[in-house]
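Summary of structural features
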Amino acid sequence: MLRDPAYRRALLFCALIGIPVSAVAFWFLAALHELEQLVWTDWPKDLGWPHAPWWWPFPAFALAGLIVPLVAGRLPGRGGHVPAAGLHSGGPTRAAIPGVIIAALFSLPLGAVLGPEAPLIALGGGLALVFRDLARAPASPQSTALLGAAGSAAAISAIFGNPLVAGILLMEVAGVGGPQLFAVMLPALLASGIGSVIFSGFGQWTGFKTGSLAVGLPAPPVLDTGDVVWSLLMGLVIGAAVHALVVGGRYVAVFVSGRLLPHTTLCALAAGGCVALFAVSTGRSPSEAALSGQATLSQLAKDPHAWSVGALVAVLAFKGAAYVLCLGSLRGGQVFPALFLGGAAGALLAPLPGLGLVPAMAAGMAAAATSALRLPVSSVVMVAIMLGHSGSVPVIVLASVISFMAAELLPQGPALSDRSA
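Each value, and the rule that gives it
- Residues numbered from 1 in each chain as written.
- Predicted model: local features only at pLDDT ≥ 70, side-chain atom pairs only at ≥ 80, totals over all residues.
- Heavy atoms only, no water.
- Helix = DSSP H or I, 4+ residues; strand = E, 2+ residues; numbered from the N terminus.
- Contact = heavy atoms within 4.5 Å.
- Areas by Shrake-Rupley, 256 points an atom, 1.4 Å probe, with all protein chains shown as cover.
- Patch = residues over 30% accessible without salt bridge, like charges linked within 9 Å, V, L, I, M, F, W, Y side chains within 5 Å.
- Salt bridge = Lys/Arg side-chain N within 4 Å of Asp/Glu carboxyl O.
- Buried < 20%, exposed > 50% of the residue type's maximum accessible area, 1.4 Å probe, protein only.
- 1 Å grid on protein atoms, 1.4 Å probe; cavity = no way out; pocket = protein on both sides within 12 Å on 5 of 7 lines; lining within 4 Å.
- Points joined across faces, edges and corners; volume = space filled by probe spheres on them.
- Nonpolar A, V, L, I, M, F, W, Y, C, P; charged D, E, K, R; others polar.
- Polar contact = N/O pair within 3.5 Å; in protein donor to acceptor, adjacent residues only side chain to side chain.
- Phe/Tyr/Trp six-rings, centres within 6.5 Å; stacked < 30°, edge-to-face > 60°.
- Lys NZ or Arg CZ within 6 Å of the ring centre and 35° of its normal.
- pLDDT = per-residue confidence, 0-100.
- Core = buried A, V, L, I, M, F, W, Y, C linked by side-chain atoms within 4.5 Å.

1. What to know about the overall build of the protein
Assigned secondary structure in the protein consists of 15 helices and zero strands. When contacts within the protein are restricted to residue pairs at least 6 apart in sequence, those whose partners lie at least 24 apart make up 79%. Split by element, the accessible area of the protein, about 18,700 Å² in all, is 70% carbon and sulfur.

In structure tokens, the structure reads:
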């Protein structure tokens, strides 16, 4: 294939397209961050509150609930697909770009419990086709698919901060290899996770070294039997719980499709109510239960003792409920809220006998991300890179595989129609 001049030209064109697409994705994310800061931090402080008051989510979510259905009903591309339908990479169009941008700007900064990865995939794929047409490059079904995937990968790498995650994620989302990919990869993941546990155990028990590709980074936390056993149970329980949230989002999407504007507004207000209840019950900022959870997850990982057991239970309950409502009504992605819910569940379960905080949060994040996305390889790579060390990779792999199996074997809920999704 590399000997084909047409393919080499396509590779060069993809590299060139990656430059403007990445730049647009950067400023898009910067705009989302600045708007989020303005709505949830600056405006409340300007009005004299130390943080957003408990009632703050209602007007924010109400505005999202009014604008998003207008975009979905009147602009091409419906503002992007319904998040409960899962990540999509196929069929990027230029005409969908304005709707995707508007729906994201009126969902994510206003508190939607969703992430920016789905809008970025649609934006990157559409922009790649725009630049192709500006360059008057030949258009064909093959080139459209290739450039769309390349543009989506260039855009989504901005949020994950790592091209490896973006490449693997897009490969799984696009379904490269079809069902055979999971048929081969799942047992390979499971065997590799068990093998890593066995090798780690023999290394600790015997003191012998077998050699590895490690380059001398500081030693990660040492896993023990409790970490491994609990990670298996967490994969099952958290995977089933997050799967139930996604299925609930599909039922919400069916409900919203009946009467788009009033039902979307109602669901958005209900999500705002969940966030407000979290603030009332804990005395904490409602922003910790709203939004994607990316910043809050980082704070939780750095200082888990700042969260009481009651606050962790409350954020799991109320953010989880808001996640269900947003999955079926607003626009965004599933990744970061799922990661936060898994990390919070891990922090809550960390005091269990033999379970440490780092492996607990790692297993929880892997189980939740895998169950929400149904992309086990991407979830493993994503969580491992987020942690920044390889010490917890065995529990990440085991929790991911168990979670994937649980989510696939449980009832899937209603299938979303093309109009819903």
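Don't stop here, the text continues.
2. A closer look at a nonpolar patch on the surface
Taken together, L47, W49, W54, W55, F58, L269 and V280 make up a surface patch of nonpolar side chains, about 660 Å² in accessible area. By the secondary structure assignment, F58 is in helix α2 (residues 57-74). Owing to a relative accessible area of 32%, F58 belongs among the partly exposed residues under this scheme.

3. So, the layout of surface pockets
Rolled over the atoms, a probe sized like a water molecule indicates the empty space that remains. Of the pockets and cavities examined, the second largest pocket occupies roughly 630 Å³. Among the secondary structure elements, those contributing two or more residues to the lining of the second largest pocket are α1 (5-46) and α10 (294-302). No other element matches the eight residues that α1 contributes to the lining of the second largest pocket. Looking at the lining of the second largest pocket, its residues break down into twelve nonpolar, eleven polar and three charged.

4. Here we look at the side chain of D227
Position of D227 relative to the elements: it lies in helix α8 (residues 225-258). A distance of 3.2 Å separates a polar atom in the side chain of D227 from the backbone nitrogen of G356.

5. Structural notes on the packing of aromatic side chains
Tallying each qualifying case throughout the model produces four aromatic pairs. Aromatic side chains F26 and W27 sit 5.1 Å apart centroid to centroid with 80° between the ring planes, which places their arrangement in the edge-to-face category. Look at W27 and you get exposed, because its relative accessible area is 61%. Where W49 meets W55, the ring centres are 5.5 Å apart and the plane angle is 80°; that geometry is what we call edge-to-face. Following the ring pairs from residue to residue traces out a cluster consisting of W49, W55 and W56. The ring of W307 has R284 sitting right over it, with the charged end atom 4.0 Å from the ring centre. One Lys or Arg, K319, reaches over the ring of F340 and ends 5.1 Å from the middle of that ring.

6. Quick word on the pattern of salt bridges
Following the criterion strictly, the structure yields two salt bridges and no others. The partner of E408 in a salt bridge is R374, and the shortest N-O contact between them spans 3.0 Å. Pair noted here: E408 is in helix α15 (residues 393-409) and R374 is in the loop between α13 (357-373) and α14 (376-387), with a separation of 34 residues, a long-range link. The exposure class of E408 is partly exposed, given its relative accessible area of 41%.

7. Overview of the confidence of the model for the protein
Scored by pLDDT, the protein comes out at a mean of 83, with 81% of its residues at no less than 70. In the model, residues 201-220 has pLDDT below 50 throughout and makes seven contacts with residues more than four positions away in sequence or in other chains.

8. Description of the nonpolar core
Most often, soluble globular proteins keep nonpolar side chains buried together rather than apart. Grouped together as the largest cluster of nonpolar side chains are 107 residues, with contacts concentrated most on F160 and L339. Per element, the largest residue contribution to this core is eleven residues, and it comes from α13. Excluding its chain neighbours within four sequence positions, the residues that come into contact with F160 are V165, L169, V335, F336 and M382.

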